[in-house]
Amino acid sequence: MVPSLQRTGTGLKFFQKKTKGFEAVHINSRLTLRGALAGFVLMGLLIAALGVLTFVKDQHRIYQESALERAVKVRLNGIELGLGRALNTNWEQLNFLAQTIPEMTPEARRAALDVTVGDGNRVAWVGLTSPEGVVLSSSNGLLEGESVAERPWFQKGFQQDYAGDKHGAILLNELLNTKSKTPIQFIDLARPIIDGEGNTIGVLGMHIKFDWVIKHVSESAIALGMNAYLVNEAGQVVLATDGAQYDRLDLASIRSATAGFSGSQLEVWPDHRTYFTSVLPRVTYGNLPGFGWRIVGRIDPNEFTLADSNLINNAMKLIGTLAVSLLLITVLFCRIFIAPIEKLAHSAMRNAHGADEYPFKAHQTVEISRLSTALAILQGHQDNKTSGACTV
């Protein structure tokens, strides 16, 4: 047993005098070990949370750009494939006619050409010319006997397979009796008619309504949730699905399209909004001749805002879960390891003020066990000195 401390006499006064300064120091100190640990944990949690959010945002930005690039390319490929395949159907029709029409009678030729035009909503006109450019047979007899020798589709179609960009046709517009105030725009398909000896004996040409192209591309773009633009070799925007009218656009994507390069990028458009754009350098399918078109697609990155918000919310939930878990672990740590130290400190302070009690025993860690034992030994020594001083 530790000897009892005498509460009167010279020894007690001496001991109180010696511990007065020590007591004052502890009264002035506001920070506890428990508070220091809590502050350390909170600071660490804050730094970790900021680090996780920064990392998540950076990774999400990289992922979003990659996802946008894939989304635009895949959807744009779908539009290009659909348009190319549809136009290739007309090209195959033209090739079939080129193989069979030379052997037909004039009446059979016109009937075959009429069937190819159908209701006229897509194909406006199909005709067969002589080597000199005079229309010999045509759908519904339109332009028969007329010379088309100056038309690009005849001149180039006489030499090779040909696909021509959007253009107007004044005479054909008048013959079609269209009620529209805006002249019909056409695109051309043409190919030479070759006899058994390899001589060109005529040209077979087809006019397809460009309105049909606009409708086809627009409906595909709407279904895929994007805007698409056809750009010709001169850099002119011949088709835009966003409802605006453009001649030329001073954009990096349009310049890449004009040069025949593919690519993807974020850029600001004339409406002052930022879009992710992608470029395909050609529109074709199978053996279809090239129209000289490039196709540009754009998508609004804001369509992915919901995904961004969900990702941040999930990250915040994860951080919150970790924070609660860490808080519970900290509380448990304080109860197991900090509380004994606090009890030892209070016990030591009471003994320093003259309390007659044995120091609190704790053995949670080696350090706590050593501190508890050391305080007990010091208390025993101090009691012995005090007892000796009181008996003098």
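Please refer to the structure placed before this passage.
Computed from a prediction, not measured in an experiment: that's the story for all the values here.

Draft legend 1. Focus on the environment of Arg335. In this fold, Arg335 is placed in helix α8 (residues 305-352). Note on Arg335: relative accessible area 62%, which makes it exposed. For the pair formed by Arg335 and Arg34, sequence separation is 301 residues and the distance between their alpha carbons is 9.7 Å.

Draft legend 2. Just a nonpolar patch on the surface, in detail. On the surface, Met43, Leu46, Ile47 and Leu50 cluster together to form a nonpolar patch covering roughly 420 Å² of accessible area. Here Leu50 is to be found in helix α2 (residues 33-100).

Draft legend 3. Focus on the nonpolar core. If you look at the biggest cluster of nonpolar residues, it comprises 43 residues, and the most contacted ones within it are Val213 and Trp293. A total of 11 residues in this core trace back to one element, the largest contributor, which is α2.

Draft legend 4. Summary view of the pattern of salt bridges. With the rule as written, the count across this model stands at five salt bridges. Linking Glu69 and Lys73 is a salt bridge whose minimum nitrogen-to-oxygen distance equals 3.2 Å. On the criterion of helical spacing, the pair formed by Glu69 and Lys73 is a turn pair, its members being four residues apart in helix α2. Classification of Lys73 by relative accessible area gives partly exposed; the value is 36%. Across the pair Asp300 and Arg273 runs a salt bridge whose closest N-O atoms are separated by 2.4 Å. Of the two residues, Asp300 sits in the loop between β10 (294-299) and α8 while Arg273 sits in the loop between β8 (263-268) and β9 (274-280), which places them 27 residues apart along the sequence. The class for Asp300 is buried, based on a relative accessible area of 13%. By relative accessible area, Arg273 is classed as partly exposed at 40%.

Reading the values: the criteria
Residues numbered from 1 in each chain as written. Predicted model: local features only at pLDDT ≥ 70, side-chain atom pairs only at ≥ 80, totals over all residues. Heavy atoms only, no water. Helix = DSSP H or I, 4+ residues; strand = E, 2+ residues; numbered from the N terminus. Buried < 20%, exposed > 50% of the residue type's maximum accessible area, 1.4 Å probe, protein only. Patch = residues over 30% accessible without salt bridge, like charges linked within 9 Å, V, L, I, M, F, W, Y side chains within 5 Å. Areas by Shrake-Rupley, 256 points an atom, 1.4 Å probe, with all protein chains shown as cover. Salt bridge = Lys/Arg side-chain N within 4 Å of Asp/Glu carboxyl O. Core = buried A, V, L, I, M, F, W, Y, C linked by side-chain atoms within 4.5 Å.

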